[in-house]
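Reading the structure
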Amino acid sequence: MTTLETRYQDVLQTIQHHAQQANRNPDDITLVAVTKTWPVETILEAYAAGMRHFGENRADELAEKRPYIEATLGPNSGIVWHFIGTLQSRQTNPIADHADIFHALDRLKIAHRLSHRLVENGRAPTRPLPTFLEVNISGEMSKSGVNCVDWENSATQRTEIRKFGETVAALPGLTLHGLMTMAPWEAEPTVIRTVFRRTRLLAEWLAEELGMERPLALSMGMTDDYPLAIAEGATHVRVGRALFGERQTH
Ligand SMILES: *Cc1c(COP(=O)(O)O)cnc(C)c1O
């Protein structure tokens with residue numbers, strides 16, 4: 001087996017193990033292989049190893065890689081492209097054109113611009129963009145996302161995230177798919193786990209408030225903390241280094 005194949009099997013086993021520990025079905029967890037900074041050759045290698053969900057965090061990188069991979073593997077490769085990075089408003093068009101799922105919606109302005117483009121490019125309503133709202137639960141200043149640091153006690157914060165969710169669900173071309181969060185850097189496992197748990201509880205509360213038929217998905221967990229995220233209900237884990245090794249840049 002190649003190094004990548006070995007690492008992939010390790011990550012799959014870890015997911016399975018922690019899902020079972022939590023009495024969850026491993027099939028309910030999507031592994032998003034984060035290929036940011038890696039060349040298209042790496043994506044092709046990952047595809048050959050069996051990976052189908054890829055995550056990018058720069059609009060220009062996604063807009064370059066996706067057409068290349070599609071030209072190489074054909075239109076029926078089964079690949080799903082996840083955009084996981086914070087989006088600037090001038091980059092909304094490439095994401096509306098090239099992303100299958102968006103993990104990091106943090107502002108209404110971005111939602112409106114995406115929706116506008118999704119109508120313009122013909123994706124709405126047949127092929128909408130499932131979208132996660134990014135929430136800041138940990139309170140770390142460096143974290144983007146809607147301020148939900150004290151959502152359990154703050155009616156203002158609850159109103160804000162509820163309105164945001166309502167608006168996104170109603171916008172043409174977007175569907176409200178779930179919540180995404182980032183754990184604090186270098187925190188104790190118990191602290192990280194609490195952030196994931198509070199995100200899950202917020203998602204449960206929000207789904208109920210909005211009268212949603214299905215539970216909201218949860219995008220949480222990266223190389224250093226995805227087992228904890230699975231224990232707290234993650235449906236999408238975004239894993240880069242555990243699969244591909246250390247990145248050279250950003
Ligand atoms: C880079 C990145 C990841 C993957 O991080 P690893 O530590 O390499 O697993 C996950 N989510 C986001 C938003 C990222 O930017």
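Given the structure is predicted, the values throughout are model-derived calculations rather than measurements. (Residues numbered from 1 in each chain as written. Predicted model: local features only at pLDDT ≥ 70, side-chain atom pairs only at ≥ 80, totals over all residues. Heavy atoms only, no water.)

Digging into the packing of aromatic side chains
- For the structure shown, the criterion picks out four aromatic pairs.
- Taking 6.4 Å as the distance between ring centres and 40° as the angle between the ring planes, the aromatic pair formed by Trp-38 and Phe-244 counts as tilted. Of this pair, Trp-38 sits in the loop between strand S1 (30–34) and helix H2 (40–49) while Phe-244 sits in helix H9 (residues 241–244), and the two are 206 residues apart along the sequence. Across the pair, exposure class does not vary: Trp-38 and Phe-244 are buried alike.
- Measuring from centroid to centroid gives 6.1 Å for Trp-151 and Trp-205, while their planes differ by 40°, and the two rings are tilted. Residue Trp-151 is found in the loop between strand S6 (146–147) and helix H6 (155–170), and its partner Trp-205 is found in helix H7 (residues 189–209); the two are separated by 54 residues along the sequence.
- Across the ring face of Tyr-47, the terminal group of Arg-52 is positioned such that the distance to the ring centre comes to 3.7 Å. (Phe/Tyr/Trp six-rings, centres within 6.5 Å; stacked < 30°, edge-to-face > 60°. Helix = DSSP H or I, 4+ residues; strand = E, 2+ residues; numbered from the N terminus. Buried < 20%, exposed > 50% of the residue type's maximum accessible area, 1.4 Å probe, protein only. Lys NZ or Arg CZ within 6 Å of the ring centre and 35° of its normal.)

Some points on the packing of H2 against helix H3 (residues 59–73)
- One can describe the packing of H2 onto H3 by two numbers: an axis separation of 10 Å at closest approach and a directional angle of 50°. Taken as axis vectors, H2 and H3 run oblique relative to one another. Crossing angle aside, the handedness with which H2 passes H3 is right-handed. When H2 is examined against H3, the residues Val-40, Ile-43, Leu-44 and Tyr-47 are found in contact with a partner set consisting of Lys-65, Tyr-68, Ile-69, Thr-72 and Leu-73. (Axes fitted to C-alpha atoms, helices over the stretch in contact; angles between N-to-C directions. Parallel < 35°, antiparallel > 145°, perpendicular 65-115°, else oblique. Left-handed = near helix turned anticlockwise from the far one by under 90°. Contact = heavy atoms within 4.5 Å.)

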